Amino acid sequence: MHLHVENLACVRGGRRIFEGVSFSLRPGEALVVLGRNGAGKSSLLDILAGRLAPAGGTVTLSGADERTLPECLHHVGHRDALKAALTAEENLAFARAFLGDPDLDPRQALGALGLAHAAGLPVAYLSAGQRRRVALARLLVARRPFWLLDEPTAALDAASQEVLLRLIEEHRAGGGMVVATTHQPLALAGAKAIRIERAGPRTEGTLPEDAFR
Ligand SMILES: Nc1ncnc2c1ncn2[C@@H]1O[C@H](COP(=O)(O)OP(=O)(O)OP(=O)(O)O)[C@@H](O)[C@H]1O
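Being a predicted model, the structure only gives us computed values, none of them experimental.

Asks: What exactly am I supposed to notice about the side chain of His2 here?
Replies: Tracing the backbone shows His2 in strand β1 (residues 2-12). Not counting the four nearest positions on each side in its chain, His2 is found in contact with Ser24, Leu25, Arg26, Thr60, Leu61 and Ser62.

Asks: Sorry if this is basic, but what is going on with the packing of aromatic side chains here?
Replies: Any aromatic ring pair is given by two values, namely how distant the centres are and how the planes are angled relative to each other. Inspection of every chain in the model, using the stated rule, returns 1 aromatic pair. Plain terms: the ring middles of Phe94 and Phe98 are 6.3 Å apart, the flat faces sit at 5° to each other, and that makes the pair stacked. With a gap of 4 residues between them, Phe94 and Phe98 both fall in helix α2 (residues 88-99), about one helical turn apart. You can call Phe94 partly exposed: its relative accessible area is 44%. The class of Phe98 is exposed, set by a relative accessible area of 67%.

Asks: Explain the sheet that holds strand β7 (residues 177-181) to me, please; I cannot follow it from the model alone.
Replies: Across a sheet, strands are paired by hydrogen bonds formed along the backbone, either parallel or antiparallel in direction. Spatially, 6 strands are ordered β5-β6-β7-β3-β8-β10 in an open sheet, and the strand pairing comes out mixed. Looking along the sheet, the strands with just one partner apiece sit at the ends: β5 (73-76) and β10 (205-206). Note that strand β3 (residues 30-34) and strand β8 (residues 192-195) share 4 bridges and pair parallel. Across the sheet, Leu34 pairs through a bridge with Arg195, a residue of β8.

Asks: Could you clarify how one ought to interpret the pattern of salt bridges in this entry?
Replies: Two side chains carrying opposite charge are able to pair once their charged atoms lie near each other. For the structure shown, the criterion picks out 9 salt bridges. Note that Glu19 is salt-bridged to Arg16, the shortest N-O span being 3.3 Å. Classification of Arg16 by relative accessible area gives partly exposed; the value is 40%. Residue Arg172 is joined to Glu169 by a salt bridge in which the shortest nitrogen-to-oxygen separation is 3.0 Å. With a gap of 3 residues between them, Arg172 and Glu169 both fall in helix α5 (residues 158-173), about one helical turn apart. The exposure class assigned to Arg172 is buried, which follows from its relative accessible area of 11%. Each member of the salt-bridge network shares a partner with another, and the members are Asp101, Asp103 and Arg143.

Procedures and definitions
- Residues numbered from 1 in each chain as written.
- Predicted model: local features only at pLDDT ≥ 70, side-chain atom pairs only at ≥ 80, totals over all residues.
- Heavy atoms only, no water.
- Helix = DSSP H or I, 4+ residues; strand = E, 2+ residues; numbered from the N terminus.
- Contact = heavy atoms within 4.5 Å.
- Phe/Tyr/Trp six-rings, centres within 6.5 Å; stacked < 30°, edge-to-face > 60°.
- Buried < 20%, exposed > 50% of the residue type's maximum accessible area, 1.4 Å probe, protein only.
- Pairing = 2+ DSSP bridges.
- Salt bridge = Lys/Arg side-chain N within 4 Å of Asp/Glu carboxyl O.

Dropping the structure here:
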């Protein structure tokens, strides 16, 4: 499977947010998306997820057996998109019923994020970091090759960041692909990087050592 993004442009509210964004992803690869607040990082993920139409450019997925890109991805956005009145486990069971694989276990997914003890608690009672971890546990109740992660480490403590990085690396080792926006250092081995800015063109490069300074 291969994702090729060419010369992508984004307009929101009549304003040009970015243009000329190009990159490609092959199995096992990760792309870190950098840029100031409002640069358009979340908008880029929204376009890839099929939630926002691009103002120009192309997104081409090959080798996906006629599945569309939105059918091949998880999108963990800024908002956790959890149902506050349902328990953590019920939220994951809902996600699995909607998108998932019946053999994947919500309790195991919560366990992988260190939240087994909170499985029966309504999400409304969980802390911000715990809610984030429930949202991330959705990655584990449906097998999808592309993970679109919008600031995935926001609200996570150091130990949870380590867990998330390990899950991402396991996903990549199995041929998965990741696009992650971030303002914080994200230690993804050999990741590509792209900085979104208003004036294009923007093409991928390697993650600069001073990216987060
Ligand atoms: N529905 C909308 N209508 C009009 N403008 C919008 C809409 N949604 C977002 N924008 C604008 O698009 C621009 C890009 O927003 P986006 O959320 O993609 O930025 P970002 O790089 O993810 O920012 P941050 O680092 O703060 O999360 C911002 O100027 C924002 O105000």
